[in-house]
Amino acid sequence: MEINRTAVVKLSVPSDRRDDLKRTMNTFRNATQRFADRGWDGDDGYVITSGNHLQRLVYDDIRDDTGLHADLTVAAADHAANALDGCVEKMKAGERTSKPVFTSNTTVYNTNAITYFDGYCSLAAYGGSRVHAEYVYPDDSIQAEYMESDEWQKQGAKLRYDHQSDTYYLHVSVKKEREDSSGEAENQTVLGVDRNVDGYLAVTSTGAFIGNADLLNHKRREYERRRARLQQQGTRSAHLTIQSIGDAFANWSEDFLHQASKELVKEAVSQNCTTIVFEELENIRDRISNASKFQQWAFNELKRQVTSKAKQQGISVETVHPAYTSQRCSETGCGFTHEDNRDGDVFVCQKCGKELHSDYNAARNIAHKYIQNRRKSGSGGATYHLALKSGTVNGNGDYSPSTV
Ligand SMILES: [Zn+2]
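Residues numbered from 1 in each chain as written. Predicted model: local features only at pLDDT ≥ 70, side-chain atom pairs only at ≥ 80, totals over all residues. Heavy atoms only, no water.

Trainee: Could you clarify how one ought to interpret the coordination of the zinc ion in this entry?
Mentor: Expected angles at a metal are 109.5 degrees for tetrahedral coordination by four donors and either 90 or 180 degrees for octahedral coordination by six donors. Taken together, C329 (SG), C334 (SG), C349 (SG) and C352 (SG) make up the full set of protein donors to the zinc ion, lying 2.2 to 2.4 Å away. Between the 4 donor atoms coordinating the zinc ion, the angles at the centre fall across 105 to 113 degrees, so the site counts as tetrahedral. A relative accessible area of 22% places C334 in the partly exposed class. (Donors = N, O, S within 2.8 Å, 3.2 Å for Na, K, Ca; no water. Tetrahedral: all angles 85-135°; square planar, octahedral: opposite > 155°, others 65-115°. Buried < 20%, exposed > 50% of the residue type's maximum accessible area, 1.4 Å probe, protein only.)

In structure tokens form, the structure reads like this:
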């Protein structure tokens, strides 16, 4: 388990370098705005919410125009993407929203753009130079401990300028691993996830249905049809168009999977889950009818994105073997396994009569399987719970209703 904190440290900036930092800050803000403008205009009718996607479209132009440091340009794209993501979130909730406008005196430094030393840091600045600034904090303060103790690992930071006091403050993200000697004895709540090539891309054991896989397939087919037509033409301009529609489709799918992975991790967080469990589908083709390379890529990419987002929340991602997860009845105390139990989207247990959405049933089994595996391996007395729609079930099958 990871503990995350923000250390806020006043900086003493040499007087002859204050303007450089200010100019860097203004340039960063302009670059962020330009990324956001481009993302808001969108791609194929969709607001762009992926920093990588924004970079592919306008990184070179923005760097050329602004002269911003390469790492800060990357950070500006991510910063803009986060803001756009917030807008999309509001749209989905049916709220009013408008294009993000950046006015604050903030520069975002990723770990390449800032280096931490004892007592001072080195910040990337305008024109490729670095600015050294000393930390100013009372001794023995918690901020001093965050910054000086090796236990806390320093990550990226935000530099903020306070106009009134004419002062620069550095907000540093720090983290440390929680000692886990007794950790295994903690309560572990497990979210099972079933991934699919049609219908919903992912269904959780808590009953969240995420991502329209049919839309993903439709877009893919549309792209392939266009590509095939262009390939027949065989001209140089057709070849260039193939490249550009290929890039556009790659961008679109990445955004699509970004949204789905974000929703999935949000579900895990809202259900207090400590572990997300997928099936190992990466190398198994026979379970997926017509499994194409593209679908395998989408499954892999979804898992990769979920893993990276879950990590930030201190949630681990695990896998189990997929055998029988779609045939087994997930009803507590039943577990009857038979191929006749499943008919397309509908799962009806031939023994106990339980009726569930097939994917939801599979997701519950995936989490169940993980818990059984852990219990068999005798993992240090931890108590495992299976996160369900309206409560949790532990490894013994005891049910506890949700406290909500
Ligand atoms: Zn049953």
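Trainee: What is the right way to read the packing of aromatic side chains from this model?
Mentor: How two aromatic rings sit relative to each other is set out by the distance from centre to centre and by the angle between their planes. Evaluated as defined, the whole model comprises 12 aromatic pairs. Relative to Y137, the ring of Y135 lies with its centre 6.1 Å away and its plane at 25 degrees, an arrangement referred to as stacked. Pair check on accessibility: Y135 and Y137 agree, each one buried. Each ring, one from Y223 and one from F249, has its centre 5.0 Å from the other, and the planes form 5 degrees; the classification is stacked. Residue Y223 is found in helix α5 (residues 213-233), and its partner F249 is found in helix α6 (residues 236-270); the two are separated by 26 residues along the sequence. Directly above the aromatic system of Y126 lies the positively charged group of R23, at a separation of 3.8 Å from the ring centroid. (Phe/Tyr/Trp six-rings, centres within 6.5 Å; stacked < 30°, edge-to-face > 60°. Helix = DSSP H or I, 4+ residues; strand = E, 2+ residues; numbered from the N terminus. Lys NZ or Arg CZ within 6 Å of the ring centre and 35° of its normal.)

Trainee: Looking at this structure, I do not really get the layout of surface pockets. What am I missing?
Mentor: A probe as big as a water molecule, rolled over the atoms, marks out the empty space that is left. Empty space within the largest pocket amounts to approximately 1,600 Å³. Taken together, 40 residues make up the lining of the largest pocket; nearest its centre are D78, N82, S308, K309 and Q312. Breaking the lining of the largest pocket down by element, the ones donating at least two residues are β1 (2-12), α2 (51-66), α3 (70-92), β2 (106-109), β6 (153-162), β7 (167-177), α6 and α7 (293-312). By residue class, the composition of the lining of the largest pocket is 8 nonpolar, 19 polar and 13 charged. Residue contributions to the lining of the largest pocket reach at least three from each of two domains, namely domain 1 (2-177) and domain 2 (187-212 + 263-401). (1 Å grid on protein atoms, 1.4 Å probe; cavity = no way out; pocket = protein on both sides within 12 Å on 5 of 7 lines; lining within 4 Å. Points joined across faces, edges and corners; volume = space filled by probe spheres on them. Nonpolar A, V, L, I, M, F, W, Y, C, P; charged D, E, K, R; others polar. Domains from an automatic or database assignment.)

Trainee: What is the right way to look at the nonpolar core in this model?
Mentor: The nonpolar side chains of a soluble globular protein tend to be buried with one another. Of all hydrophobic cores here, the largest spans 50 residues; its most connected members are L11, Y109, L123, Y135, L159 and L170. Counting residues per element, this core draws most heavily on α3, which supplies 8 residues. Once residues within four sequence positions are removed from consideration, Y109 is found in contact with L21, T24, L72, I114, L123, A124, G156, A157 and L159. Counting residues in each nonpolar core, the second largest holds 35 residues, with V193, L201, I276 and F294 among its members. (Core = buried A, V, L, I, M, F, W, Y, C linked by side-chain atoms within 4.5 Å. Contact = heavy atoms within 4.5 Å.)

Trainee: Mind showing me how you'd approach the domain arrangement of the chain here?
Mentor: A common way to express how large an interface is: the accessible area buried when the components associate. We note that the domain assignment places domain 1 (2-177) and domain 2 (187-212 + 263-401) within the chain. Computed over C-alpha atoms only, the centres of domain 1 and domain 2 are separated by 37 Å. At the interface, 4 residues of domain 1 touch 4 residues of domain 2. The tally of links from domain 1 across to domain 2 stands at 1 salt bridge. Here E89 and K266 are joined by a salt bridge, their closest N and O atoms 3.5 Å apart. Joining domain 1 to domain 2, the criterion identifies 1 residue pair in polar contact (both at pLDDT 80 or more). Of the residues that constitute the side of domain 1 that touches domain 2, the class distribution is no nonpolar, 1 polar and 3 charged. (Salt bridge = Lys/Arg side-chain N within 4 Å of Asp/Glu carboxyl O. Polar contact = N/O pair within 3.5 Å; in protein donor to acceptor, adjacent residues only side chain to side chain.)

Trainee: Mind showing me how you'd approach empty space enclosed by the protein here?
Mentor: Evaluation of the coordinates by the stated rule reveals 2 cavities of 30 Å³ or more. Considered as a void within the structure, the largest cavity measures approximately 50 Å³ in volume. Every residue along the wall of the largest cavity is listed here: F28, R29, T32, H79, F102, S104 and T106. At 3 residues, the largest contribution of residues to the lining of the largest cavity is made by helix α1 (residues 18-41). Of the volumes computed, that of the second largest cavity is approximately 30 Å³.

Trainee: So what exactly am I meant to see when it comes to the side chain of K309 here?
Mentor: For K309, the location among the structural elements is in helix α7. Put simply, K309 is tucked away with no salt bridge, and the nearest opposite charge, on D85, sits 7.2 Å away. Non-local contacts of K309, meaning those with residues more than four positions away in its chain, are made with H258, S261, K262 and V265. (Lys, Arg positive; Asp, Glu negative; His and termini not counted.)

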